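Here is what each chain is made of, one letter per residue.
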Amino acid sequence: MIPLNFLGEGQSCDFTVTGSWAKKAYSDSKKRGKVNVIFDGAEEKFMRIPDASSLTVTAGAAYLHITSNETIEGIEWHDFPETGDVPMIADMSSDIMSRPLPVEKFGMIYAGAQKNLGPAGVALVILREDLLERCPDTLTAYLNYKIHADKNSLYNTPPVFSIYALKLVMEWVKEQGGLSAMAELSEKKSSMLYDTMVQSNGYYSCPVDEASRSKMNVVFRLPSEDLEKKFIDEAKNEGMIGLKGHRSVGGCRASIYNAMPVEGTEKLAAFMRKFAEANPQ
Ligand SMILES: Cc1ncc(COP(=O)(O)O)c(C=O)c1O
């Protein structure tokens, strides 16, 4: 919907290609117009986020698209670029609500619900009002953001269960102390896992650049693929599921979204230590 609404005839847009999800959004924009790739992490196997101050946006670009957290590769933007007149659009599906955000820096923020917001079935869109003027009248209604905005997100029959559950999650976040409490929690949980890797003397390794490490998806490798398989199987027996890395990258991945309590990462860290001791390289 982003290129359909905002990439006008003859215009170009900017992209940072930081991983699997950025690549998918990039290929959609490419179907509609010219895309300037201002950062491409492919050659480095998507192991880092670019330094925000090193990016140069293209004057006159319709937008710059970024993916604030690459769910599969385990890298996350910790500082956002200044984009001047070029609206920055961010896919925040996998780290929305995990920290306070400089919302004013963005032309648009969008996120699927299913990580930190609620059950799948709704998507969150925060859109700067002036951008609605760009939505072409020629678009079919459902694909047009202006129609959704004008109709107060009620153009279609809303999925009330998903929206109700999302409201409950927002209330829970508030009760926990809001976004700064969520940030504190994520810092605590993720650093517990990254520290466990450091203390393992190389048994566990994190393939991504230290400054780019995600606080939502902690990726790690063991000394061999056989040990990784054993680790995932034994963790499962102890009630820890979903630790297998995405099939496109392999390895292990601990997704520690807001709903994961500190005790969950404590249990995983203890298991990592025990496993390394029991299975020397
Ligand atoms: C960063 C990111 N963007 C987009 C998606 C796609 O979400 P959906 O499957 O709801 O389209 C995901 C799903 O994991 C994601 O992590």
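Structure shown above.
Our subject in this report is the structure included herewith. (Residues numbered from 1 in each chain as written. Predicted model: local features only at pLDDT ≥ 70, side-chain atom pairs only at ≥ 80, totals over all residues. Heavy atoms only, no water.)

Turning our eyes to something else, we now look at the packing of aromatic side chains. Under the definition given, this model contains ten aromatic pairs. Plain terms: the ring middles of F15 and Y26 are 5.8 Å apart, the flat faces sit at 65° to each other, and that makes the pair edge-to-face. With a gap of eleven residues between them, F15 in strand β1 (residues 12-17) and Y26 in helix α2 (residues 20-32) connect regions that are remote in the sequence. Here F15 and Y26 have matching classes, each one buried. Here F80 and F106 contribute two aromatic rings whose centre-to-centre distance is 5.1 Å and whose plane-to-plane angle is 75°, an arrangement assigned as edge-to-face. Taken as a pair, F80 in the loop between β5 (75-76) and β6 (88-91) and F106 in the loop between β6 and β7 (108-112) lie far apart in primary sequence, 26 residues in all. For F106, a relative accessible area of 4% corresponds to the buried category. An aromatic cluster is defined as three or more aromatic residues linked by ring pairs; in this entry it consists of Y203, Y204, F220, F231, F271 and F275. (Phe/Tyr/Trp six-rings, centres within 6.5 Å; stacked < 30°, edge-to-face > 60°. Helix = DSSP H or I, 4+ residues; strand = E, 2+ residues; numbered from the N terminus. Buried < 20%, exposed > 50% of the residue type's maximum accessible area, 1.4 Å probe, protein only.)

This brings us to the nonpolar core. In terms of nonpolar packing, the biggest core is built from 51 residues, with Y204, F220, L222 and F231 touching the most fellow members. Those elements giving two or more residues to this core turn out to be β3 (64-67), β6, β7, α5 (178-199), β9 (217-220), α6 (225-237), β10 (252-255) and α7 (262-278). No other element matches the seven residues that α7 contributes to this core. In contact with L222, not counting residues within four places along its chain, are Y203, Y204, L227, E228, F231, C252 and F275. With 19 residues, the next largest nonpolar core counts F6, F15, I89 and Y145 among its residues. (Core = buried A, V, L, I, M, F, W, Y, C linked by side-chain atoms within 4.5 Å. Contact = heavy atoms within 4.5 Å.)

Attention now goes to the sheet that holds β1. Taken together, the six strands give an open sheet; going across it, the order is β2-β1-β3-β6-β7-β8, and neighbouring strands pair in mixed fashion. Both outer strands of the open sheet, β2 (34-40) and β8 (123-127), are each paired with one neighbouring strand and no more. On average, each strand axis in the sheet is inclined to that of its neighbour by 15°, with strand direction left out of account. Examined bridge by bridge, β3 and β6 share four bridges and lie parallel to one another. From the neighbouring strand, T67 faces β6, where its bridge partner is D91. The strands touched by α2 within the sheet are β1, β2, β3, β6 and β7, with β1 carrying the most contacts at an inclination of about 165°. (Pairing = 2+ DSSP bridges. Axes fitted to C-alpha atoms, helices over the stretch in contact; angles between N-to-C directions.)

As far as function goes, none of this settles anything; it's purely spatial.
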